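Residue-level listing of the chains:
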Amino acid sequence: MDYVIIVAGGKGLRMGADIPKQFLPIGGKPVLMRTIERFREYRRDLSIILVLPEAQQAYWKELCTEYGFDIPHRLANGGSTRFESSKNGIAAIPKGEEGFVAIHDGVRPFVSTDTIARCFEAVEESYAVIPVMPVTDTLRYIDRQGGGKNVLRSDYRTVQTPQVFDLALLRRAFGRPYQDSFTDDASVVESLGCPVAMVEGNRENIKITTPFDMAVAETLLKDGR
């Protein structure tokens, strides 16, 4: 059995809204519902686990009723950190299960089914896979003294989700204590010494965190993305 853990713990502070960003509507439907629909479109037999703060779960259930949203999924409680939230999602997978697990940001509703497919195809050989995109802006390194220098952008990539892993490897990685170096789920797996493969992501796979992102999201929907 393969799974996707969709982590949605945002409080909407950067969005300047009273409603957490994952519940804000784009094109008349909450962001989070559109995210879940992408994975349903990719594979109907993918088991979906949604990680939400416990205080938001009743509101989510109300939204599901209001919008007639009936894609099967189970809920897990969000934690105080991304590490803890992902760990809780992993714990919701029954013991003894084998397969692969995608972990995805709930506010990335424009991940393409092609990107998801590339990740799941590559993980069968690599055990840990992330989607990436080339850096298009000029990058500058800033040192502790306030100085800096430009660096070769060809040496860097921007990282997206879903990040897909072998379930047994993921359980072992998240059985370790939290470290400040855990910036995403892949960094937790890398702490075991496991290499992480890269596949091509998609440019539209933005993370919605600001009002500008919401405006971009509306445009993407109008363009049929």
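Residues numbered from 1 in each chain as written. Predicted model: local features only at pLDDT ≥ 70, side-chain atom pairs only at ≥ 80, totals over all residues. Heavy atoms only, no water.

## A closer look at unusual backbone geometry
Link 1 in the chain: Residue P162 is reached from T161 by a cis peptide bond, and omega for that bond is 15 degrees.
Link 2 in the chain: Checked against the element boundaries, P162 lands in the loop between strand 10 (157–159) and strand 11 (163–166).
Link 3 in the chain: Look at Y127: it is not a glycine, yet its phi comes out positive at around 70 degrees.
Link 4 in the chain: Relative to the helices and strands, Y127 is located in the loop between helix 4 (113–126) and strand 7 (128–134). (Helix = DSSP H or I, 4+ residues; strand = E, 2+ residues; numbered from the N terminus.)

## A short note on the packing of aromatic side chains
Link 1 in the chain: Applying the stated criterion to the full structure yields eight aromatic pairs.
Link 2 in the chain: When the ring of Y42 is compared with that of F120, the centres are 5.6 Å apart and the planes differ by 20 degrees; the resulting orientation is stacked. Taken together, the residues span a long stretch of sequence, with Y42 in helix 1 (residues 31–42) and F120 in helix 4 at a distance of 78 residues.
Link 3 in the chain: For F120, a relative accessible area of 4% puts it in the buried group.
Link 4 in the chain: Between F83 and F182, the aromatic rings sit 5.5 Å apart at their centres with planes inclined by 25 degrees, giving stacked as the arrangement. Note that F83 is positioned in helix 3 (residues 82–91) and F182 in the loop between helix 5 (167–173) and helix 6 (185–190), a separation of 99 residues in sequence. F182 matches F83 in its accessibility class, with the two residues each being buried.
Link 5 in the chain: Here the basic side chain of R43 rests over the ring of F120, its NZ or CZ set 5.8 Å away from the ring centre. (Phe/Tyr/Trp six-rings, centres within 6.5 Å; stacked < 30°, edge-to-face > 60°. Buried < 20%, exposed > 50% of the residue type's maximum accessible area, 1.4 Å probe, protein only. Lys NZ or Arg CZ within 6 Å of the ring centre and 35° of its normal.)

## Concerning the pairing of strand 9 (residues 148–151)
Link 1 in the chain: Here strand 8 (residues 139–142) runs beside strand 9; their pairing, made up of four bridges, is antiparallel. Residue pairing for strand 9: L139 is matched across the bridge by V151.
Link 2 in the chain: If you look at the hairpin formed by strand 8 and strand 9, you'll find five residues sitting between the two strands, and G146 has a positive phi there, around 95 degrees. (Pairing = 2+ DSSP bridges.)

## Description of the side chain of R38
Link 1 in the chain: For R38, the position within the fold is in helix 1.
Link 2 in the chain: Here R38 occupies a buried position and makes no salt bridge, while the nearest side chain of opposite charge, E41, is found at 4.2 Å. (Lys, Arg positive; Asp, Glu negative; His and termini not counted. Salt bridge = Lys/Arg side-chain N within 4 Å of Asp/Glu carboxyl O.)

## With respect to the UniProt feature "site: Transition state stabilizer" (unreviewed entry) in the protein
Link 1 in the chain: Mapped onto this numbering, the UniProt entry annotates "site: Transition state stabilizer" (unreviewed entry) at R14 and K21.
Link 2 in the chain: With respect to the secondary-structure elements, K21 resides in the loop between strand 1 (3–7) and strand 2 (25–26).
Link 3 in the chain: Judged by relative accessible area, K21 falls into the buried class, the value being 12%. (UniProt positions renumbered as here; feature names shortened; annotations may be inferred.)

## Observations regarding the pattern of salt bridges
Link 1 in the chain: Within the structure shown, the criterion is met by six salt bridges.
Link 2 in the chain: When the shortest N-O distance is used, the salt bridge between D185 and R82 registers 3.0 Å. Pair noted here: D185 is in helix 6 and R82 is in helix 3, with a separation of 103 residues, a long-range link.
Link 3 in the chain: Salt-bridge contacts for D105 lead to R108; the nearest nitrogen and oxygen are separated by 2.9 Å.

## Some details on helix 1
Link 1 in the chain: With twelve residues, helix 1 should cover 16 Å at 1.5 Å per step; its first-to-last C-alpha distance of 17 Å lies within 8% of that length.
Link 2 in the chain: Taken across its twelve residues, helix 1 has nine buried, putting it largely inside the fold.
Link 3 in the chain: For helix 1, the full list of buried residues reads V31, L32, M33, R34, T35, I36, R38, F39 and Y42. (Expected span 1.5 Å × (residues − 1).)

## Some words on the environment of T113
Link 1 in the chain: Along the chain, the position of T113 falls in helix 4.
Link 2 in the chain: The class for T113 is partly exposed, based on a relative accessible area of 23%.
Link 3 in the chain: Along the primary structure T113 and S181 are separated by 68 residues, whereas in three dimensions their C-alpha atoms are 30 Å apart.
Link 4 in the chain: For T113, the contacting residues outside a window of four places in its chain are R38, E41 and Y42. (Contact = heavy atoms within 4.5 Å.)

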